[in-house]
Amino acid sequence: MSRSERKWDHIRFALENGQDRSSAFENIKFIHQSLPNINVLDVRLDHSIGELYLSSPIFINAMTGGGGEKTYRINKELAMVAKYSGLAMAVGSQMAALKDKTQKYTYEIVRKENPDGVLIANLGSEATPDEAKAAIDMIEANAIQIHLNVIQELTMPEGDRDFTGALKRIEEIVKNVEVPVVVKEVGFGMSMETVRTLKSVGVTVVDVGGSGGTNFAEIENRRREKSLSFFTDWGIPTPISIIEASSVSNDISIIGSGGFSNGIEMVKGLAVGADAIGIAGYFLRILVDQGVDSLMGEIETLHKEMIMIMTALGAKTIADLKRIPLIITGETCQWLNQRGIDTRTFAQRTI
Ligand code: FNR
């Protein structure tokens, strides 16, 4: 199967499979505040991730490109939405265009549509610094994501089997490119050990890509004759992964992603440590099923929901959210306590 056929399979199966539902967000509960002392007009959603200024904490996460006309169209429409809604946007892996120059246009369109927007390049951890620079140049990117997708590759019939040297290559990319490097997972989550190791080679931004949303083990299993079903419920649920990652150091910016589809989950993700929230599958489905205008409308709704929830909590900024008290219950609490994270610090903090 060609690379571009595979790209289309991923979109098709992601749309057909839908998203997993993780109960982990239900394990996080805000404490109601009757005197929030705040005007809804004072709530601000803008925030910075290191040197990247974002006018919204929501961004469109990496999905596509490199699969000819259909992926060109999706990237064009996502870029139109990103521009209109003021969202940053990542493209899908650009290796397809580095290997086959005729595919470059399927990525370049995002910069054409959104000349002043925040755009993020994307490659896997097999990339060299020169490839990373070429991907950045291709869309004049403001940052680059390097994705880690061991479980997806193992489940993919034609996937990689050798995962040695990834950390060294990431270190070389961090040293050699001039934009921030975001190391990301694709739906299996990042542990505190992984984040600590990435920090040791100079990485300052991670996207935890937790489980609970698009499930690439399930997608790849649909492309196999004999399913590796044990990988379908593999992974670290998104809120747990955000908390593990943010326990490592205050010097790392955390992006929460994996399964977000409403304002309350996003505010919970930010409150437990994320600096921004990436959304892939949920936005793709709205775009493909209902079109550009509906996706723009949904993003407006999400922004409004977030402002309402932040008002109720008395949080004027994303930074304030990280200080509001919340309770962590159930399996999420058990997991975190066993991992040495004291959940009472979340329950007893004050804004
Ligand atoms: C993805 N994702 C992805 N990630 C990446 O780093 N490079 C890529 O090329 C792709 N390709 C891709 C295609 C499609 C169709 C989907 C739906 C997703 C993964 C994506 O960025 C994200 O990490 C996961 O999908 C989890 O987030 P959601 O979908 O649960 O919001």
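Check the entry above for the structure.
The present account deals with the structure reproduced in this document. (Residues numbered from 1 in each chain as written. Predicted model: local features only at pLDDT ≥ 70, side-chain atom pairs only at ≥ 80, totals over all residues. Heavy atoms only, no water.)

**A short note on the side chain of Thr311**
- The residue Thr311 is located in helix H13 (residues 292–313) in this model.
- Using a relative accessible area of 15% as the deciding quantity, one classes Thr311 as buried.
- Setting aside residues no more than four positions away along its own chain, Thr311 makes contact with Pro36, Ile38, Val40 and Val43. (Helix = DSSP H or I, 4+ residues; strand = E, 2+ residues; numbered from the N terminus. Buried < 20%, exposed > 50% of the residue type's maximum accessible area, 1.4 Å probe, protein only. Contact = heavy atoms within 4.5 Å.)

**With respect to the site of the ligand**
- Around the ligand there are 23 residues in total, and Ala62, Lys184, Thr214, Gly259 and Gly281 lie nearest to it.
- Note that an oxygen atom of the ligand is positioned 2.8 Å from one of the backbone N or O atoms of Ser93.
- Relative to its unbound accessible area of 610 Å², the ligand is 96% covered by the protein chains.
- The residue makeup of the shell around the ligand, split by class, is nine nonpolar, twelve polar and two charged. (Near = heavy atom within 4 Å. Polar contact = N/O pair within 3.5 Å; in protein donor to acceptor, adjacent residues only side chain to side chain. Areas by Shrake-Rupley, 256 points an atom, 1.4 Å probe, with all protein chains shown as cover. Nonpolar A, V, L, I, M, F, W, Y, C, P; charged D, E, K, R; others polar.)

**Some words on a nonpolar patch on the surface**
- Nonpolar side chains collect at one region of the surface, where Val40, Leu41 and Met308 lie side by side and expose about 330 Å² of accessible area between them.
- When you line up the elements, Val40 lands in the loop between strand E1 (28–30) and strand E2 (47–49). (Patch = residues over 30% accessible without salt bridge, like charges linked within 9 Å, V, L, I, M, F, W, Y side chains within 5 Å. Salt bridge = Lys/Arg side-chain N within 4 Å of Asp/Glu carboxyl O.)

**A look at the sheet that holds strand E10 (residues 253–257)**
- A barrel is described by the order of its strands in space; here eight strands give the closed sequence E4-E5-E6-E7-E8-E9-E10-E11, paired in parallel fashion. Taken over all neighbouring pairs, the strand axes of this sheet differ in orientation by 30° on average, direction set aside.
- Both strand E9 (residues 205–207) and E10 contribute to a ladder of three bridges, which runs parallel. Opposite Val206, over in E10, you have Ile254 as the bridge partner.
- In the packing of helix H2 (residues 68–85) onto the sheet, the strands contacted are strand E4 (58–60) and strand E5 (88–90), and the crossing angle to E5 comes to about 160°. (Pairing = 2+ DSSP bridges. Axes fitted to C-alpha atoms, helices over the stretch in contact; angles between N-to-C directions.)

**A word on the side chain of His10**
- Inspection of the secondary structure puts His10 in helix H1 (residues 3–17).
- The class for His10 is buried, based on a relative accessible area of 15%.
- At 2.6 Å, the side chain of His10 and the side chain of Glu220 are in polar contact.
- Not counting residues within four places of it along the chain, the set of residues in contact with His10 comprises Gln152, Phe216, Ile219, Glu220 and Arg223.

**Thoughts on helix H8 (residues 192–200)**
- Those residues of H8 not exposed but buried are Met192, Val195 and Leu198. Viewed end-on, H8 has its buried residues packed into an arc of 125°, placing them on one side of the element.
- Those residues of H8 hidden inside the fold are in contact with helix H7 (166–176), strand E8 (181–185), E9 and helix H10 (238–246).
- Of the residues trailing H8, Gly202 is marked for its positive phi of about 100°. (Arc of directions from axis to C-beta.)

**Topic: helix H11 (residues 263–271)**
- Burial of H11 is extensive: eight of the nine residues sit out of reach of the surface.
- One side-chain oxygen of the residue at the start of H11 lies 3.3 Å from the amide nitrogen of Ile264, identifying that residue as Asn262.
- Two residues or fewer after H11 comes Gly273, characterised by a positive phi angle close to 140°.

**Structural notes on the pairing of strand E7 (residues 143–148)**
- E7 sits mainly inside the fold: six of its six residues count as buried.
- Both faces of E7 are covered, namely the face carrying Ala143, Gln145 and His147 and the face carrying Ile144, Ile146 and Leu148.
- Strand direction decides the pairing type here: strand E6 (residues 119–124) and E7, joined by five bridges, are parallel. From the neighbouring strand, Ala121 faces E7, where its bridge partner is Ile144.
- Each parallel crossover has a hand, and the one from E6 via helix H5 (residues 129–139) to E7 is right-handed.
- Here five bridges tie E7 to E8, and the two strands are oriented parallel to one another. The residue of E8 that forms the bridge with Ile144 is Val181. (Right-handed = clockwise from strand over helix to strand, strands pointing away.)

**What about the layout of surface pockets?**
- When its volume is computed, the second largest pocket comes out at roughly 190 Å³.
- If you trace the second largest pocket, you find 15 residues lining it, with Glu51, Pro180, Val181, Thr204 and Val205 closest to the centre. (1 Å grid on protein atoms, 1.4 Å probe; cavity = no way out; pocket = protein on both sides within 12 Å on 5 of 7 lines; lining within 4 Å. Points joined across faces, edges and corners; volume = space filled by probe spheres on them.)

**Side note on the packing of aromatic side chains**
- Applying the stated criterion across every chain, the model contains five aromatic pairs.
- With 6.3 Å between their ring centres and 35° between their planes, Tyr282 and Phe283 make a pair best called tilted.
- Aromatic rings pair up to connect Phe230, Phe231 and Trp234 into one cluster. (Phe/Tyr/Trp six-rings, centres within 6.5 Å; stacked < 30°, edge-to-face > 60°.)

**What about the pattern of salt bridges?**
- Under the definition given, this model contains 18 salt bridges.
- Of the charged contacts, one joins Glu158 and Arg6 as a salt bridge, the two residues approaching to 3.6 Å between their closest N and O atoms. Here Glu158 is found in the loop between helix H6 (150–155) and H7, whereas its partner Arg6 is found in helix H1, with 152 residues between them in sequence.
- A relative accessible area of 38% means that Glu158 is categorised as partly exposed.
- Here Arg6 falls in the buried class, since its relative accessible area comes to 18%.
- Across the salt bridge formed by Glu172 and Lys168, the nearest N and O atoms sit 4.0 Å from each other. Pair noted here: Glu172 and Lys168 are both in helix H7, with a separation of four residues, about one helical turn.
- Relative accessible area serves as the criterion here: at 27%, Glu172 is assigned to the partly exposed category.
- Overlapping salt bridges, with partners in common, bring together Arg6, Asp9, Arg12, Glu158, Glu220 and Arg223 in one network.

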